[in-house]
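Take a look at the letters that make up each chain.
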Amino acid sequence: MAPSFTWWGKETHRGTPVVVKMENPNNWSMVELEGPSEDDFLLPNDDVSSMSPYKREKVRNKNAKQLTWVLLLKAHKAAGCLTSIASALFSLASVVRRRVAAGRTDSTDNSSTENPAVKNRFYTCIKIFLWLSVILLGFEIAAYFKGWYFSTSDLQLQYLYSLDFHTFANPLAVQSVFDWFYSKWVFIRVEYLAPPLQFLANGCIVLFLIQSVDRLVLCLGCFWVKMKKIKPIAKQGAMDLESGDGSGYYPMVLVQIPMCNEKEVYQQSIGAVCCLEWPKSRLLIQVLDDSDDPITQTLINEEVRKWQKEGANIIYRHRVIREGYKAGNLKSAMNCSYVKDYEFVTIFDADFQPMPDFLKRTVPYFKDNEDIGLVQARWSFVNKDENLLTRLQHINLAFHFEVEQQVNGIFLNFFGFNGTAGVWRIKALEESGGWLERTTVEDMDIAVRAHLHGWKFIFLNDVECQCELPESYEAYRKQQHRWHSGPMQLFRVCLPAIIKSKISIWKKGNLIFLFFLLRKLVLPFYSFTLFCIILPMTMFIPEATLPSWVVSYVPATMSFLNILPAPKSFPFIVPYLLFENTMSVTKFNAMVSGLFQLGSAYEWVVTKKSGRSSEGDLASLAEEKPKHQRVSSEEWTATKKSGRSSEGDLTLLVDGKPKHQRGVSVPDLEELREEIKEKEKKASRKKKHNRIYTKELALAFLLLTASLRSLLSAQGIHFYFLLFQGISFLLVGLDLIGEQVD
């Protein structure tokens, strides 16, 4: 068959089209590119035979040109990737240079109340391990090039013994100083260092396996709950949700909002609580302000007055003597004379925004259940996708709520109170001794004491209350220090009460061995000791070994189980595993501080908030307004873009005047506004820099040094783990994860 021709006498186009878009000579990209098929290179026999030799050569040249374009464009794409990598490395180097030039480290943090000598003791131990590893690495490299490298675990000890025997039999024999030192070092580590290190490693492995079994049992329990659709059920007819005249179950409820210098979030929390759907005559809201900033106090007080004018039953309280942190604040509020008129109390921290039907979905579980002391709701997070740090936190907390608390609530009727988004029966609080200031985890303290008095808890996985996650590593680090130091303080002080209590033996065992020892003490201990100390040391003392399944397979399996409640986070499973090991240094330090009552055990730093508001809240505001008071498109765009509930962002205008809706009322104190603006201007002039965290950096260099040593002994999986774990510590030590401050 003759080839087809167009009306101007040329062949129609055959092969794969290549379209190149060139907006300017320096910026061009490929729009459409398909790989050439076999037909573009091999023509049918009839086509080849019908073509002249000149035309066959022309077709081959066309296909060759197309292939050349494909290769060139792919090469350009690869060059672009290399350029972006180089740019990222350059930016990273610039950030590191700024961190080092600023000289701000965790040791210069003046907010800590801990004795500097005690604070640096842990860091000194890590530095000793680091310098020791560097010296040993030098020895191993020198031995490697001198032929003293052995791949077997016994290090050919017979050869070393024969060498020493030959030197003893022939005193005139010359042995190099290095050979003598290295042979003595090998004998020392074989006889004295390897046995205790291996014993410690085996002990940590046993703890690791026990904790992994506990985690697996919790996951199986959660699977059973999901499969059988088990969940708490309120009494039928507990509340008439359609009734608005009080004919349903509407007991007297006290709502408390403890806060301290949290001017970023006070408006949205007060606004959300004031919009709770509950008869006003049976609801009282206490704003418990512990702020020491006069401006913040005035703003919060003015916000309370505005809601009072709109009909909310809300009062403002400020303590004269501010002792005991949050526990002291709550204890002071519960001592008010009018509290005796209320049956239940619910607590919301300053960044929590309950939905209007929160009380309607929680309080009914108390009806006709006189042994129920607490109903706890689940947390949800408005900023879980803000950065990598918030994504990793969301994985941990999703497992905590959906697995740990849900399973323990259903099968044991006990779990640790989360300190907020929960409803307490006031009688249970009073019988358990009320709020105590003896630890920094007053929520866990009251939960344990209520459990010892026989009260039962209910966890509602389908009732959520929105809040914020810490967006900077500094804030998250201080939060985790308090969360892991407090339980050890509590364990010390409440152990005698647990032993003497009248609850069953298996409940005592659950409290002591599972709730405290295994989940609060063992987990940070083995995570830090096994993966940050023992594993690097086995590289320099290879007679003590860690199996590959301990280093890789079991941790990967546990990370997989932890991430199941947050399936959208599966792409972050490797960063999650590395980051959890990285956080072990903070958790271990906090655990030791709480266990031995060191200075930082009683340190309480309010977690920094950004004042974020969810998009769903903005939508609900628009729906709640009458049709003639809808939010304009400009207002909606402005609020949606900002994502923050600051002054003016969420102020909804109705007929040209501010309309105070849920979480959006704004104080009209012009003098305070001017003063705040002046403070913001002064703060903007100050040069801010992220901190450098010395402990994490020291451990980063320790792990990276051990990874170099693992190359000499060809330990593949250990090398990769140490390398990536060292890089993870390096990124955290330079504060390159989470919110960045320019």
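Please read all numbers here as calculations on a predicted model, not as lab measurements. (Residues numbered from 1 in each chain as written. Predicted model: local features only at pLDDT ≥ 70, side-chain atom pairs only at ≥ 80, totals over all residues. Heavy atoms only, no water.)

### Some details on the overall build of the chain
For step 1, the next point in the chain: Counting its regular elements, the chain contains 21 helices and 11 strands.
For step 2, the next point in the chain: When the accessible surface of the chain is summed, it comes to about 37,000 Å², and 60% of that surface belongs to carbon and sulfur atoms. (Helix = DSSP H or I, 4+ residues; strand = E, 2+ residues; numbered from the N terminus. Areas by Shrake-Rupley, 256 points an atom, 1.4 Å probe, with all protein chains shown as cover.)

### A word on the sheet that holds strand β8 (residues 422-425)
For step 1, the next point in the chain: The strand order across the open sheet built from seven strands is β5-β4-β3-β6-β8-β7-β9, with neighbouring strands paired in mixed fashion. The open sheet has two edge strands, β5 (314-318) and β9 (456-467), and neither has a second partner. The average angle at which neighbouring strand axes cross in this sheet is 20°, direction not considered.
For step 2, the next point in the chain: As judged from the nine bridges shared by strand β7 (residues 372-381) and β9, these two strands associate in the parallel manner. From the neighbouring strand, Gln376 faces β9, where its bridge partner is Phe459.
For step 3, the next point in the chain: Packing against the sheet, helix α6 (residues 266-274) makes contact with β3 (253-259), β4 (283-289) and β5, and its axis sits at approximately 175° to β3.
For step 4, the next point in the chain: Contacts between helix α10 (residues 388-411) and the sheet are confined to β7 and β9, with β7 contributing the most and set at about 155° to the helix. (Pairing = 2+ DSSP bridges. Axes fitted to C-alpha atoms, helices over the stretch in contact; angles between N-to-C directions. Contact = heavy atoms within 4.5 Å.)

### Side note on the packing of aromatic side chains
For step 1, the next point in the chain: Counted under the stated rule, the structure contains 23 aromatic pairs.
For step 2, the next point in the chain: Ring geometry for Phe352 against Trp379: centres 5.1 Å apart, planes inclined by 75°, an arrangement best described as edge-to-face. One end of the pair, Phe352, is in the loop between β6 (344-347) and α9 (358-362); the other, Trp379, is in strand β7, and 27 residues separate them in sequence.
For step 3, the next point in the chain: On the accessibility criterion, Phe352 (2% relative accessible area) is buried. (Phe/Tyr/Trp six-rings, centres within 6.5 Å; stacked < 30°, edge-to-face > 60°. Buried < 20%, exposed > 50% of the residue type's maximum accessible area, 1.4 Å probe, protein only.)

### Overview of the UniProt feature "transmembrane region" (unreviewed entry) in the chain
For step 1, the next point in the chain: UniProt's entry tags residues 128-145, 199-225, 511-540, 692-711 and 717-737 with the feature "transmembrane region" (unreviewed entry), counted in the numbering of this structure.
For step 2, the next point in the chain: Taken end to end, residues 511-540 comprises 100% helix and 0% strand; its first and last C-alpha atoms sit 40 Å apart.
For step 3, the next point in the chain: Across residues 717-737, helical content stands at 81% and strand content at 0%; the span's end C-alpha atoms are separated by 26 Å. (UniProt positions renumbered as here; feature names shortened; annotations may be inferred.)

### Examining the environment of Asp289
For step 1, the next point in the chain: By the secondary structure assignment, Asp289 is in strand β4.
For step 2, the next point in the chain: Not counting the four nearest positions on each side in its chain, Asp289 is found in contact with Met259, Gln297, Ile300, Tyr316, Arg317, His318 and Arg319.

### Topic: the nonpolar core
For step 1, the next point in the chain: With 88 residues, the main nonpolar core has Ile270, Ile314, Trp424, Val448, Phe457 and Phe516 as its most contacted residues.
For step 2, the next point in the chain: Looking at this core, the element that brings in the most residues is β9, giving seven residues.
For step 3, the next point in the chain: Leave out the neighbours within four places in its chain, and Ile270 touches Ile257, Val287, Ile300, Glu303, Val304, Trp307 and Ile314.
For step 4, the next point in the chain: Counting residues in hydrophobic clusters, the runner-up holds 56 residues, among them Leu137, Ile205, Phe531 and Phe540. (Core = buried A, V, L, I, M, F, W, Y, C linked by side-chain atoms within 4.5 Å.)

### Brief notes about the pattern of salt bridges
For step 1, the next point in the chain: Taken as a whole and judged by the stated rule, the model has 22 salt bridges.
For step 2, the next point in the chain: Two residues, Glu402 and Arg378, come together in a salt bridge whose shortest N-O distance is 3.0 Å. Placement of the pair is Glu402 in helix α10 and Arg378 in strand β7, with a sequence separation of 24 residues.
For step 3, the next point in the chain: A single salt-bridge network, built from bridges that share partners, covers Glu140, Arg189, Glu543 and Arg709. (Salt bridge = Lys/Arg side-chain N within 4 Å of Asp/Glu carboxyl O.)

### Some thoughts on the packing of α6 against helix α7 (residues 294-309)
For step 1, the next point in the chain: Between α6 and α7, the shortest axis-to-axis distance is 10 Å and the interhelical angle comes to 25°. Between α6 and α7, the angle falls in the class roughly parallel. For the crossing formed where α6 meets α7, the hand is right-handed. Residues Tyr266, Gln267, Ile270, Gly271 and Cys274 of α6 form the contact with α7, whose participating residues are Leu299, Ile300, Glu303, Val304 and Trp307.
For step 2, the next point in the chain: Taken together, the residues that form the contact of α6 with α7 break down as seven nonpolar, two polar and one charged. (Parallel < 35°, antiparallel > 145°, perpendicular 65-115°, else oblique. Left-handed = near helix turned anticlockwise from the far one by under 90°. Nonpolar A, V, L, I, M, F, W, Y, C, P; charged D, E, K, R; others polar.)

### Some words on the packing of helix α16 (residues 573-595) against helix α20 (residues 694-712)
For step 1, the next point in the chain: One way to put it is that α16 packs onto α20 with a least axis distance of 10 Å and a crossing angle of 125°. Between α16 and α20, the interaxial angle falls into the category oblique. Our pair here, α16 against α20, has a crossing hand that is right-handed. Between α16 and α20, the contacting residues are Val585, Thr586 and Asn589 on the first element and Lys695, Glu696 and Leu699 on the second.
For step 2, the next point in the chain: Broken down by class, the residue content of the contact of α16 with α20 amounts to two nonpolar, two polar and two charged.

### Points about the pairing of β5
For step 1, the next point in the chain: In this sheet, β5 lies alongside β4 in parallel orientation, the contact comprising five bridges. In the strand pairing of β5, Leu288 is matched with Arg317.
For step 2, the next point in the chain: For the handedness criterion, the β-α-β arrangement of β4, α7 and β5 is classed as right-handed. (Right-handed = clockwise from strand over helix to strand, strands pointing away.)

### Quick notes on a nonpolar patch on the surface
For step 1, the next point in the chain: Side chains of Leu82, Ile85, Leu89, Leu92, Tyr720, Phe724, Ile727 and Leu731 sit close together on the surface and give an oily, nonpolar patch of about 760 Å² of accessible area.
For step 2, the next point in the chain: Those elements giving two or more residues to the nonpolar patch turn out to be α2 (53-102) and α21 (716-733).
For step 3, the next point in the chain: Mapped onto the elements of the fold, Leu731 is located in helix α21.
For step 4, the next point in the chain: For Leu731, a relative accessible area of 37% translates into the label partly exposed. (Patch = residues over 30% accessible without salt bridge, like charges linked within 9 Å, V, L, I, M, F, W, Y side chains within 5 Å.)

### A closer look at the confidence of the model for the chain
For step 1, the next point in the chain: Chain-level statistics for the chain give a pLDDT mean of 78 and a share of 71% at 70 or above.
For step 2, the next point in the chain: Low confidence marks residues 20-46, where pLDDT is under 50. Its contacts with residues over four positions away, or in another chain, come to 36 contacts.
For step 3, the next point in the chain: In the model, residues 237-246 has pLDDT below 50 throughout and makes 14 contacts with residues more than four positions away in sequence or in other chains. (pLDDT = per-residue confidence, 0-100.)

### A few points about unusual backbone geometry
Leaving glycine aside, a negative phi is the common case for residues, and trans is the common case for peptide bonds.
For step 1, the next point in the chain: Of note, Tyr325 is a non-glycine position whose phi angle comes to about 55°, a positive value.
For step 2, the next point in the chain: With respect to the helices and strands, Tyr325 occurs in helix α8 (residues 325-334).
For step 3, the next point in the chain: Classification of Tyr325 by relative accessible area gives partly exposed; the value is 41%.
For step 4, the next point in the chain: If you check the backbone angles, Asp368 has positive phi at about 60° while not being a glycine.
For step 5, the next point in the chain: Relative to the helices and strands, Asp368 is located in the loop between α9 and β7.

### Comments concerning α7
For step 1, the next point in the chain: Its 16 residues give α7 an end-to-end C-alpha distance of 23 Å, which sits within 8% of 22 Å, the value for a rise of 1.5 Å per residue.
For step 2, the next point in the chain: Buried residues of α7: Ile295, Thr296, Leu299, Ile300, Glu302, Glu303, Val304, Lys306 and Trp307, and no others. (Expected span 1.5 Å × (residues − 1).)

### Notes on the pairing of β8
Looking down a regular strand, the side chains alternate between one sheet face and the other.
For step 1, the next point in the chain: Going residue by residue along β8, you find Gly422 and Trp424 tucked away on one face and Val423 and Arg425 tucked away on the opposite face as well.
For step 2, the next point in the chain: Where β6 meets β8, four bridges bridge the pair, whose relative direction is antiparallel. What sits directly across from Val345, in β8, is Trp424.
For step 3, the next point in the chain: Examined bridge by bridge, β7 and β8 share three bridges and lie antiparallel to one another. Across the sheet, residue Leu374 finds its bridge partner in β8, namely Trp424.

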